Amino acid sequence: MLATISIRAKIISVVAFLLVAMAGMGLLAVMKMRSMNANTVDITTSWMPSVRVLGELRASVITYRSVVREHMLAETLEEKLAMEKIAVTTMETLTKARQTYEPMITSPEERALYAEWSKLWDDYKKSTDEVFALSRKEIGKIPHEAHELNVRTANKIGIQSDEVLRKDVDLNTKGGDQAARDADASYSFAFMLVSIILGASVVIGIGVGFYLVHDVSSGINSITLPMQALGKGDLTAEVPHRGEKTEIGAMADVLQIFKEALIAKKAADEAAAADAEAKIERGRRVDNITREFETMIGEIVQTVSSASTQLEASASTLTSTADRSQRLATTVAGASEEASTNVQSVASATEEMASSVGEISRQVQESARMAGDAV
């Protein structure tokens, strides 16, 4: 199935997978970083400041309760008034701490604890105001009524409010600890998950890389082998991957066209060689016929030349004979004067002989011309 996928598509798939893996790791890292940042911000802006402010608030409460005790133990009015000034200053500090803490409340549980403490503190403040008033009336004496009111009412309310405030401190401490644990868990989970994804990506990338290298190499080798065979002249080599919609398939189609062209060229070369051999054979036959014709013509010429020589010799003999005949005719003509009765017949004979000699001479010349044309 994967063999039908193009090399470009495979490379794009691998790159896309790596990009998705990197994007996933980046997104996960960003999410976990945001989570850790939120936990850190929560710790630094909520839990730790809350614990610090609650500590200041609790210290102010403890200071205020100490001032109440010192107010009852003071013997002079000046000492009691000085304790009341300290109480006012402590109350201002406590009020500022409350104003700083109230915006930091984030959970309903914490708000409920703060509301409970606020109610107890208001009750405690009213009780301590009565304790201060009774303590001022008993200057120079032991403040039994103030002490009894403090022990019976104010101190109990103070202990309850301090217990609620301690619970609030514990709640914020636990919240900070939980936020720190959440941040550490987010870091550990993110580190583990990123490590797993990174390891899996590396393993998958290496595996896919080896597969791509092997796939591309085998595909190229499957084309290279028939190319080498065709280069060596083996036109029976089979070209694989033809018709596939891949780069290897396109190369195979082109190689098949090249193979068919080589086969057609070989057939054309063989046909041309056969035609050339036929032409050479025809040339040989024509050459043999020409040689035979030349031999025959030579023999004919030699025969005609020999006949011409013989004719020429015969013509010379006839010419000599004609000359002698002419001389005899002349002699006979001279004798004809003496033999008048035979003159006419001798003249006719002579005339005929001269005509025969002329015809012989003409024929000899014609034979000589023909012999020359034949040569």
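The structure contained in this document is the topic of the report that follows. Predicted, not measured: the structure shown is a model, and the values here were computed from it. (Residues numbered from 1 in each chain as written. Predicted model: local features only at pLDDT ≥ 70, side-chain atom pairs only at ≥ 80, totals over all residues. Heavy atoms only, no water.)

1. Points about the packing of helix H2 (residues 77-101) against helix H3 (residues 108-137)
Right, so step 1: Taken N-terminus to C-terminus, the directions of H2 and H3 make an angle of 170 degrees; their axes are 13 Å apart at the nearest point. Here H2 lies roughly antiparallel to H3, going by the angle between them. Each of Lys80, Glu84, Ala87, Met91, Leu94, Arg98 and Tyr101 in H2 lies in contact with H3, whose residues at this interface are Glu110, Tyr114, Trp117, Ser118, Trp121, Asp122, Lys125, Phe132, Ser135 and Arg136. (Axes fitted to C-alpha atoms, helices over the stretch in contact; angles between N-to-C directions. Helix = DSSP H or I, 4+ residues; strand = E, 2+ residues; numbered from the N terminus. Parallel < 35°, antiparallel > 145°, perpendicular 65-115°, else oblique. Contact = heavy atoms within 4.5 Å.)

2. Notes on the pattern of salt bridges
Right, so step 1: Applying the stated criterion to the full structure yields 11 salt bridges.
Right, so step 2: In this structure, Asp269 and Lys265 form a salt bridge, with 3.0 Å as the shortest nitrogen-oxygen distance. One end of the pair is Asp269 and the other is Lys265, both in helix H5 (residues 247-336) and 4 residues apart, which spans about a single turn.
Right, so step 3: A residue is classified by how much of its surface remains accessible, and Asp269, at 39% relative accessible area, is partly exposed.
Right, so step 4: With a closest N to O distance of 3.5 Å, Arg284 and Glu281 form a salt bridge. (Salt bridge = Lys/Arg side-chain N within 4 Å of Asp/Glu carboxyl O. Buried < 20%, exposed > 50% of the residue type's maximum accessible area, 1.4 Å probe, protein only.)

3. A look at the packing of aromatic side chains
Right, so step 1: Enumeration over the complete set of coordinates arrives at 6 aromatic pairs.
Right, so step 2: When the ring of Tyr64 is compared with that of Phe132, the centres are 6.3 Å apart and the planes differ by 70 degrees; the resulting orientation is edge-to-face. Of this pair, Tyr64 sits in helix H1 (residues 7-73) while Phe132 sits in helix H3; the two residues are 68 residues apart in sequence, bridging distant segments of the chain. No difference in accessibility class separates Tyr64 from Phe132, as the two residues are buried.
Right, so step 3: What links up through ring pairs into an aromatic cluster is the set Tyr64, Tyr114, Trp117, Trp121, Tyr124 and Phe132. (Phe/Tyr/Trp six-rings, centres within 6.5 Å; stacked < 30°, edge-to-face > 60°.)

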